[in-house]
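# Notes for the structure review
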Amino acid sequence: MADFEALLAEGAAAPVEGWDFSWFEGRATEKRPPWGYAGLLAARYRTVSSALDVQTGGGEVVAWALRRAGTVPGVLAATESWAPNVALARRALAPYGATVAQVADEDPLPFDGGTFDLVSSRHPVVAPWPEIARVLRPGGGYLAQHVGVGTAHEVTEAMLGPTPVNQGRLPATAALDAEAAGLRVRDLREVTLRMEFHDVAAVVVYLRKVIWIVPGFTVAAYREPLLALHERIQAEGPFVAYTTRYLIECSKPHRNASG
C-alpha cells in the first residue's frame, strides 16, 4: 500500500489556508453554478461606494471581483474568523485599501449601523442576518452564494457510514431568516453540481479544507475509511459526489418592513 501511504502523506501536507482551490487541478473537479457569483460581485462593485465581505476566507474572491470590476468602492472592508486566512486576506486586499477584521463567525460585526451599500459573502459558515441588516444602508443589498443542503454527503457517508442529511441549510429557511431580519429577498436560485475525486489525497485535502463535511476530521482517525475509499477509486475510477449551492440576493427597504 505504498501508493496509499504516499497519497495520505501528500494530502496531509498540502496547504489548506484560504479559498484557493488550484491544488485540486487534475485531481478533483467540481462544476460551477451557472450564475457566476464572482462576476455578479464585480458588477455590484461598479455601482456601490461602500462594501463589506463577510467570512472572506483568504480574500481571493473579492480580489478577483475587484480586478474584474476595474474600480474599488471608497469604503471596503472584510471579516474572517480564522487567523491564517486573516493574514492571507490582508495581503490579498491591501492593494485595494481594504480593512480586514478578525471576527468570529457568530460575533457581531464591528461596524456601525447603516455603513454599507453592499454586504457579500461566498460560502459563509453562518449568515448573521440581523447583523447584515443592521450594517446595510437603507436601499443597500446583500449578495451571496451559500452552501446548500446535502453538500458532499457522499463524502460524509464514505467516512462515517449512513448519516442523516442536515436540513439546516435550506434556501427557504435562509429566505425566512432574511425576511425576519427586515430584508426583502429579491433572488433565490439553487443548483446541484457534480464533483469527482480522482485520488484519496484530494479527498484528504478537501476534508481538511472544508471542515464541516466531516467535523473533527484527521487522517489518523479516518485511516480505515480512507483506505476503503482509495481501493474503491483504484477499482472503479473517480469517486462521485454532489454539492448544492444557492444564490441569494436581498435588499434593505428604505423604511421598516412594517411600513
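All residue numbers refer to position in the chain's written sequence, counted from 1. Per-residue local features are limited, in this predicted model, to residues with pLDDT of at least 70; the limit for side-chain atom pairs, both in listing and counting, is 80 or more; totals at the level of whole chains, interfaces and linings are taken over all residues. With hydrogens and water stripped out, all remaining heavy atoms of the structure feed into the side-chain values.

## Some thoughts on helix 7 (residues 171-180)
- Accessible area is worked out with a 1.4 Å probe on protein chains only. A residue is then buried under 20% of its type maximum, exposed over 50%, and partly exposed in between. Counting from the N terminus, the helices are DSSP H or I runs at least four residues long and the strands are E runs at least two residues long. Along helix 7, the positions that sit buried rather than exposed are P171, A174, A175 and A178. Axial view of helix 7: buried residues confined to an arc of 100°, hence all on one face. More than 90 degrees from the buried face of helix 7, the exposed residues found are L176 and A180.
- It only takes one pair of heavy atoms within 4.5 Å for two residues to be counted as in contact. On its buried face, helix 7 is in contact with helix 5 (129-135), strand 7 (184-197) and strand 8 (239-251).
- Backbone geometry just downstream of helix 7 places G182 in the positive-phi region, at approximately 100°. Directions drawn from the helix axis to the C-beta atoms are what define this arc.

## Observations regarding the side chain of D105
- By the element assignment, D105 lies in the loop between strand 4 (99-102) and strand 5 (116-122).
- Neither His nor the chain termini are counted; the positive set is Lys and Arg, and the negative set is Asp and Glu. Here, a salt bridge means any side-chain nitrogen of Lys or Arg that lies within 4 Å of a carboxyl oxygen of Asp or Glu. The buried charged residue D105 lacks any salt bridge partner; its closest oppositely charged side chain belongs to R169, at an N-O distance of 8.6 Å.
- Whenever a nitrogen or oxygen atom comes within 3.5 Å of another N or O atom, the pair is scored as a polar contact, on the condition that within protein one atom can donate a hydrogen and the other can accept it, and that pairs from neighbouring residues in sequence are kept only if both atoms are in side chains. Among the polar contacts made by the side chain of D105, one reaches the side chain of S81 at a distance of 3.1 Å.
- Once you skip the residues sitting within four places of it in the chain, D105 turns out to touch Q55, S81, V125 and V126.

## Concerning the nonpolar core
- Put simply, buried Ala, Val, Leu, Ile, Met, Phe, Trp, Tyr and Cys residues joined by side-chain atoms within 4.5 Å make one nonpolar core. Ranked by size, the top nonpolar core spans 32 residues in total, and within it V155, F197, Y206, L207, F217 and L226 carry the most contacts.
- At eight residues, the largest contribution of residues to this core is made by helix 8 (residues 200-209).

## Some points on the sheet that holds strand 1 (residues 28-30)
- One open sheet accounts for eight strands, arranged 1-7-8-6-5-2-3-4; its pairing is mixed. Of all the strands in the sheet, the pair left with one neighbour each is strand 1 and strand 4. For this sheet, the mean angle separating the axes of adjacent strands, direction not counted, is 15°.
- Only strands joined by at least two bridges in the DSSP assignment are considered to pair. By the bridge criterion, four bridges tie strand 2 (residues 50-53) to strand 3 (residues 75-80) in an arrangement that is parallel. Bridge assignment links S50 to a residue of strand 3, and that residue is V75.
- On the sheet, helix 7 packs against strand 7 and strand 8 and is oriented at approximately 150° with respect to strand 7. A fitted line through C-alpha atoms serves as each axis, taken over the contacting stretch for helices, and the angle formed by two N-to-C directions is quoted from 0 to 180°.

## Re the environment of A14
- Along the chain, A14 falls in the loop between helix 1 (2-13) and strand 1.
- Measuring from C-alpha to C-alpha, the distance between A14 and N166 comes to 29 Å, with 152 residues separating the pair along the chain.

## What about the side chain of T244?
- Here T244 shows up in strand 8.
- Overall, the relative accessible area of 9% leaves T244 in the buried class.
- Separated by 2.8 Å, the side chain of T244 and the backbone oxygen of V149 make a polar contact.
- Among all residues touching T244, those that are not within four sequence positions of it are H146, V147, G148, V149, T151, E190, V191 and T192.

## Some remarks on the packing of aromatic side chains
- The pairing test for Phe, Tyr and Trp rings, Trp by its six-membered ring, is centres within 6.5 Å, and the orientation test on the planes gives stacked under 30 degrees, edge-to-face over 60, and tilted for anything in between. According to the stated counting rule, one finds six aromatic pairs in the structure shown.
- Aromatic side chains F21 and F24 sit 5.7 Å apart centroid to centroid with 25° between the ring planes, which places their arrangement in the stacked category.
- Relative to F116, the ring of F111 lies with its centre 5.2 Å away and its plane at 85°, an arrangement referred to as edge-to-face. Accessibility classification places F111 together with F116 in one group, the buried group.
- Criterion for a charge above a ring: Arg CZ or Lys NZ at most 6 Å from the ring centre, at most 35 degrees from the ring normal. Above the plane of the ring of F21 lies K209, whose end atom (NZ or CZ) is 5.1 Å from the centre.

## Remarks on the pairing of strand 4
- Across four bridges, the pairing between strand 3 and strand 4 is parallel. Considered in strand 4, the bridge of E80 is made with Q102.
- Looking down the strands as they point away from the viewer, one classifies a crossover as right-handed if the path from the first strand across the helix to the second runs clockwise. For the segment spanning strand 3, helix 4 (residues 83-93) and strand 4, crossover handedness is right-handed.

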